[in-house]
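# Observations on the model geometry
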Amino acid sequence: MSARGAPIRVEGLRKSYGEMPALDGVSLEVGKGEMIGLIGPDGAGKTTLMRILCGLLVPEGGSAKVMGFDCAREERRVKEHLGYMPQRFSLYPDLTVAENIRFFADLFGVGAAERKTREERLMEFSGLGPFRKRRAGHLSGGMKQKLALSCTLIHTPEVLVLDEPTTGVDVVSRAEFWEILDGLAREGIALLVSTPYMDEAARFSRIVLLHRGRVIAEGSPAEVARGSRRKLLQIRGPDTVRAWRLLREEGPRGIEALRFGDRVHVAHETDEEDSSVRRALAGLDVSIVCVSPGIEDAFIALMGGKETGTA
Amino acid sequence: MRRMLSIARKESNHILRDPRSLAVAIVMPIAMLLLYGYGISTELRDLPVGILDEDRSPASRDLVERMISSGFIMDAGRLDSRDAIEPGFRKGRWRAVVAIGAGFSESLIRESVGRVQVLIDGSDATTAATVDNYLKAVLALAGAPPGESGENLENLPLAGRARILFNPELESANFIVPGLAAIILVMIGALLTSIAVARERETGTMEQILTTPVGPREIIVGKVLPYLVIAYLDAALVVGAGRIVFGVPMNGSWIALAAYSLLYLLVALSLGLLISSLARTQRVAMMAALTATLLPTLLLSGFVFPRSSMPVPLQWLGQIVPATYYLTVIRGIMLKGEAWFPVEGGVLAGMAVLILGAAAARFRTRLE
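A brief look at the structure comes next. Remember, it's a predicted structure, so these values are computed and weren't measured experimentally.

The next point concerns the overall build of chain A. Scanning chain A for helices and strands turns up 10 helices and 14 strands. Burial statistics for chain A: of 311 residues in total, 54% are counted as buried. Pairs at least 24 residues apart make up 70% of the contacts formed inside chain A by residues separated by at least 6 positions. Accessible area for chain A stands at about 14,000 Å²; split by element, carbon and sulfur atoms hold 49% of it.

Okay, structure coming up:
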């Protein structure tokens, strides 16, 4: 195993849809028992990367390996070692919980005797035991998601790839789900989990920030947050939108104002820029505070930097 | 093998638990059979016919008498003059008029040919053609000698005489039921399979299936198998109901029918697979499957409209419709008792191989 390297190994991966590059030279590694967060907005390339990993898409350049097997050329071997939960985790709503699990057990070639013991374990940790005979369509969102996870775990994969597993799931179920994933990592499974929620980033041992098909930052959540040397001014108040327009149209050079919901974040590097922003906004009904960047802010700062860098 | 069976079992569960697809699979064929069986009736009984006898001779009275007693036409009234013909058509009193001109008996004697004019309501073209054929047949029947008397044969010689083979009672059910089997098999086959595959693509379960080490052949065969059973069941249902309800004969071998039906079903199922590999959603798949099967089968295969009376380009087009060949086979088996159709069987087999090949080539275990 050690000769093969990390369970997930991606190097210089490239893929485009027509003119649009979806992945532009992405490299990353996920070790045994590690849970890596793939973070980025819609269209960052998260799903493309995951689909390449499980052999659903063929990359144009670079390589992707799971347990040492090439994802493009040895996809059948890869599939034996990998569990993948697509973004819209979809089960058969008209089949019962047990039937769904059995179906995927059969597809993965899990024998009947083995299936029984694995099924018991999965039922236990997911709490789905009492709902065995219930149709999947009648489960709650959180339960459905646990069933989907159970179906991807039935062949005891060493690598688990989950595409936005917590999207559309209530807060309590989300917390439970993360605990289950932590447990799986402790058992030695390598997990790559994508999420659009920046507040979930803190749950990972390591995060990879993906933007427009490129890795723009990588490290522990704290490292990534600190990694941005820029400071942030947070502008809030009744005149937020006017402030944002003003800064974009005639603000001081070298700063970027990014609107984020009801706030505007201004990334800057020097105190001089700080005061020029404050001068520009004098007279507007907004509060301006200097905040230490969180992951979200780091992301926005990094993203903003990229955008002005290319524009 | 186990994967394939597992997919087949799962698919059967889908069918059995979804009342709508079950209805499509079981109720629709029966409904279609009854609807078409009673509805598209090309046979006419008690056709209201007006009779204008300007000759008023013993010979003309004899002809009228025999026409009516043939049982195919209903005496809708005697006309006094030609002026009464059109108003009667307009009021719908008669669908046709047989006019025996004043010179009928004279020409019968002089030229040994009796001339009779037949006027038909052409507003319904299909019926008009049928009425034309019927009246010719009825006139022929009426013109035939009542006894052995050679005198009568001389008296009423006939310009044409039709003898109808294989379906002597001209029962349209005998014609329609085999045709319905052809329509239902291709529709169920193509529609259900294409929807079943498109549904998995649309809901995203196909993506989930493709991440397992299952091969494309296992998916295809596993998915098609339950529909093959259903379509076979439907075929038996239609032919069985056709025999019981409409009394359609079965003069040939059941084994031959089953064998050729299997071939035809394979074409239909492959077509469904090919459609599903092109269609992204269930809706598109459904529309495509219906367009590709229902209309061509209905219009071009010779089910309703005889192929021989079609414009040549449409006849060519009809040659790529699988039902064209299956119709020849099933009518041949059921009505004529034949069993050997090398050309039709060969064409159907070729179509199955070609379409399945195209479908398999397009069916990838990847998303692109």
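Past the structure itself, the notes keep going.
Turning next to the layout of surface pockets. What the second largest pocket holds in volume is close to 800 Å³. Residue assignment for the lining of the second largest pocket shows that the elements contributing at least two residues are α5 (141-153) of chain A together with α1 (2-17), α2 (19-39), α8 (172-203) and α12 (282-300) of chain B. No other element matches α8 of chain B, which puts 7 residues into the lining of the second largest pocket. The class makeup of the residues in the lining of the second largest pocket is 15 nonpolar, 9 polar and 7 charged.

This part takes up the state of the cysteines. Applying the stated rule across the entire model yields 0 disulfides over all chains. For C71 of chain A, which is in no disulfide, the shortest distance to another cysteine sulfur is to C54 of chain A and amounts to 8.1 Å.

What follows deals with the nonpolar core. Counting residues in each nonpolar core, the largest one holds 152 residues, and the members touching the most others are L28, L149, L181 and L191 of chain A. Residue contributions to this core peak at 17 residues, all from α8 of chain B. If we ignore the near neighbours within four places in the chain, the residues touching L181 of chain A are M35, L149, L162, L191 and V193 of chain A. Formed by 15 residues, the second largest nonpolar core is a distinct cluster that contains L47, V49, L63 and V64 of chain B.

Bringing the pattern of salt bridges into the picture now. With the rule as written, the count across this model stands at 30 salt bridges over all chains. Measuring nitrogen to oxygen at the nearest pair gives 3.4 Å for the salt bridge that ties E119 of chain A to R132 of chain A. Remark: R132 of chain A occurs in the loop between α4 (112-126) and α5 and E119 of chain A occurs in helix α4; sequence separation between them is 13 residues. Several salt bridges converge on common partners, so that one network encompasses K10, E11, R199, E200 and K223 of chain B.

Residues and elements named next belong to chain B. Positionally, D55 belongs in the loop between β1 (47-53) and α3 (58-69). R61 provides the closest opposite charge to the buried, unpaired D55, separated from it by 8.4 Å. Side-chain polar atoms of D55 contact the side chain of S57, separated by 2.5 Å. Beyond its immediate sequence surroundings of up to four residues, D55 is in contact with S60, I100, G101, A102, G103, F104 and S105.

Of all 11 residues making up helix α3 (residues 97-107) of chain A, 8 are buried, and the element is well covered by its neighbours. Those residues of α3 of chain A not exposed but buried are V97, N100, I101, F103, F104, A105, D106 and L107 of chain A. Of the surrounding secondary structure, the elements contacted by the buried residues of α3 of chain A are α4 and α5 of chain A together with α1 and α9 (205-210) of chain B. Within two residues after α3 of chain A, G109 of chain A carries a phi angle of roughly 75 degrees, on the positive side.

The next point concerns the interface of chain A and chain B. Taken together, the contact pairs 36 residues of chain A with 29 residues of chain B. Interface of chain A and chain B: buried area, both sides summed, is about 3,000 Å²; carbon and sulfur atoms make up 49% of it. If you sort the residues of chain A by the area they bury against chain B, L56, Y92 and L107 of chain A come out on top, with a joint share of 21%. D106 of chain A is paired through a salt bridge with R2 of chain B; the nearest N and O atoms lie 3.0 Å apart. Counting the contacts that link chain A with chain B gives 15 residue pairs in polar contact (both at pLDDT 80 or more). At the level of secondary structure, the elements contributing two or more residues to the side of chain A that touches chain B comprise β1 (8-17), α2 (75-81), β6 (82-85) and α3 of chain A. For the side of chain A that touches chain B, the element with the highest residue contribution is α3 of chain A, accounting for 7 residues.

Parameters and conventions
- Residues numbered from 1 in each chain as written.
- Chains lettered and ligands numbered in written order.
- Predicted model: local features only at pLDDT ≥ 70, side-chain atom pairs only at ≥ 80, totals over all residues.
- Heavy atoms only, no water.
- Helix = DSSP H or I, 4+ residues; strand = E, 2+ residues; numbered from the N terminus.
- Buried < 20%, exposed > 50% of the residue type's maximum accessible area, 1.4 Å probe, protein only.
- Contact = heavy atoms within 4.5 Å.
- Areas by Shrake-Rupley, 256 points an atom, 1.4 Å probe, with all protein chains shown as cover.
- 1 Å grid on protein atoms, 1.4 Å probe; cavity = no way out; pocket = protein on both sides within 12 Å on 5 of 7 lines; lining within 4 Å.
- Points joined across faces, edges and corners; volume = space filled by probe spheres on them.
- Nonpolar A, V, L, I, M, F, W, Y, C, P; charged D, E, K, R; others polar.
- Disulfide = S-S within 2.5 Å.
- Core = buried A, V, L, I, M, F, W, Y, C linked by side-chain atoms within 4.5 Å.
- Salt bridge = Lys/Arg side-chain N within 4 Å of Asp/Glu carboxyl O.
- Lys, Arg positive; Asp, Glu negative; His and termini not counted.
- Polar contact = N/O pair within 3.5 Å; in protein donor to acceptor, adjacent residues only side chain to side chain.
- Buried area = accessible area lost by both parts, 1.4 Å probe.

In short, shape yes, function no, at least from these values alone.
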